[in-house]
Amino acid sequence: MKKLVIGMLAHVDAGKTTLSESILYTSGAIRKLGRVDNKDAFLDNNDYERQRGITIFSKQACFSYKDLDVTLLDTPGHVDFSAEMERTLWVLDYAVLVINGMDGVQGHTDTLWGLLKRLHVPVFIFVNKMDQQGTDKYLHKGDGHFGILSLKNIEGGEGKDSSGNDYTGTSQIGRAS
């Protein structure tokens, strides 16, 4: 079987752990779908994490999909625990950069993107919480450099997104290089 290491990265409260729990549950790796806010998440099993409702320590969990053995690394999003997240970057085959659709791109998102770019880690962009009222469907921030369809620094073509903004990159999946 082919082995992959995938890291979940994002700013705090973007939903990394909830997304990770859902992936593990859907794959059959865990039998109960936990929630951070219910303090029963499989991956946030430290007492401090459960009390604070945030991930403090990077955790790993494994699941299989078709002919793949996947190691999923759920990382902290709070900047106070960035060192814990950064130590996982060196082992990643892929990263999932989770963006909270309600909050949009945060400063920490740009920092993560820069780290992934420097290490040449292929990135999947996952926009979470799009069902919340008032969500910005295009995630434009400032000059729109991180719009959902206008991601810069991603391999691919050039063109315009649905709002007419120029972009480089043709999809939400790319290599931060």
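For the structure itself, consult the block above.
Residues numbered from 1 in each chain as written. Predicted model: local features only at pLDDT ≥ 70, side-chain atom pairs only at ≥ 80, totals over all residues. Heavy atoms only, no water.

## Points about the overall build of the protein
In terms of helices and strands, the protein carries four helices and 10 strands. Start at the N end of the protein and walk to the C end: the helices and strands fall as β-α-α-β-β-α-β-α-β-β-β-β-β-β. For the protein, with 177 residues in total, the buried portion stands at 46%. If you take every contact in the protein between residues at least 6 apart in sequence, the share linking residues at least 24 apart comes to 58%. About 9,400 Å² of surface is accessible on the protein, with carbon and sulfur atoms providing 50% of the total. (Helix = DSSP H or I, 4+ residues; strand = E, 2+ residues; numbered from the N terminus. Buried < 20%, exposed > 50% of the residue type's maximum accessible area, 1.4 Å probe, protein only. Contact = heavy atoms within 4.5 Å. Areas by Shrake-Rupley, 256 points an atom, 1.4 Å probe, with all protein chains shown as cover.)

## Considerations on the nonpolar core
Counting 18 residues, the largest nonpolar core has Leu9, Leu89, Leu92, Leu97, Leu116 and Ile125 as the members making the most contacts within it. Looking at this core, the elements that each hand over two or more residues are strand 1 (2-10), strand 4 (94-100), helix 4 (107-118) and strand 5 (122-128). Top contributing element to this core by residue count: helix 4, with four residues. Core analysis: the next-biggest nonpolar cluster, separate from the first, contains 16 residues, Ala14, Ile30, Phe63 and Val96 among them. (Core = buried A, V, L, I, M, F, W, Y, C linked by side-chain atoms within 4.5 Å.)

## Some words on helix 1 (residues 16-27)
Counted at 1.5 Å a residue, the expected span for helix 1 with its 12 residues is 16 Å, and the 16 Å between its end C-alpha atoms agrees. Buried residues of helix 1: Lys16, Thr17, Leu19, Ser20, Glu21 and Leu24, and no others. If you follow the buried residues of helix 1, they end up packed against strand 1, strand 2 (59-65), strand 3 (68-74), strand 4 and strand 5. (Expected span 1.5 Å × (residues − 1).)

## Comments concerning the pairing of strand 4
Most of strand 4 is tucked away: six of the seven residues are buried. Note that strand 1 and strand 4 share five bridges and pair parallel. Note that in strand 4 the partner of Leu9 across the bridge is Leu97. Across six bridges, strand 4 lies against strand 5 in parallel orientation. Each residue of the ladder has a partner; that of Leu97, found in strand 5, is Ile125. Note that the unit made of strand 4, helix 4 and strand 5 has a crossover that is right-handed. (Pairing = 2+ DSSP bridges. Right-handed = clockwise from strand over helix to strand, strands pointing away.)

## Considerations on unusual backbone geometry
If you check the backbone angles, Asp13 has positive phi at about 65 degrees while not being a glycine. Backbone geometry places Lys66, a non-glycine residue, at a positive phi of 50 degrees. Position of Lys66 among the secondary structure elements: in the loop between strand 2 and strand 3. A residue is classified by how much of its surface remains accessible, and Lys66, at 67% relative accessible area, is exposed.

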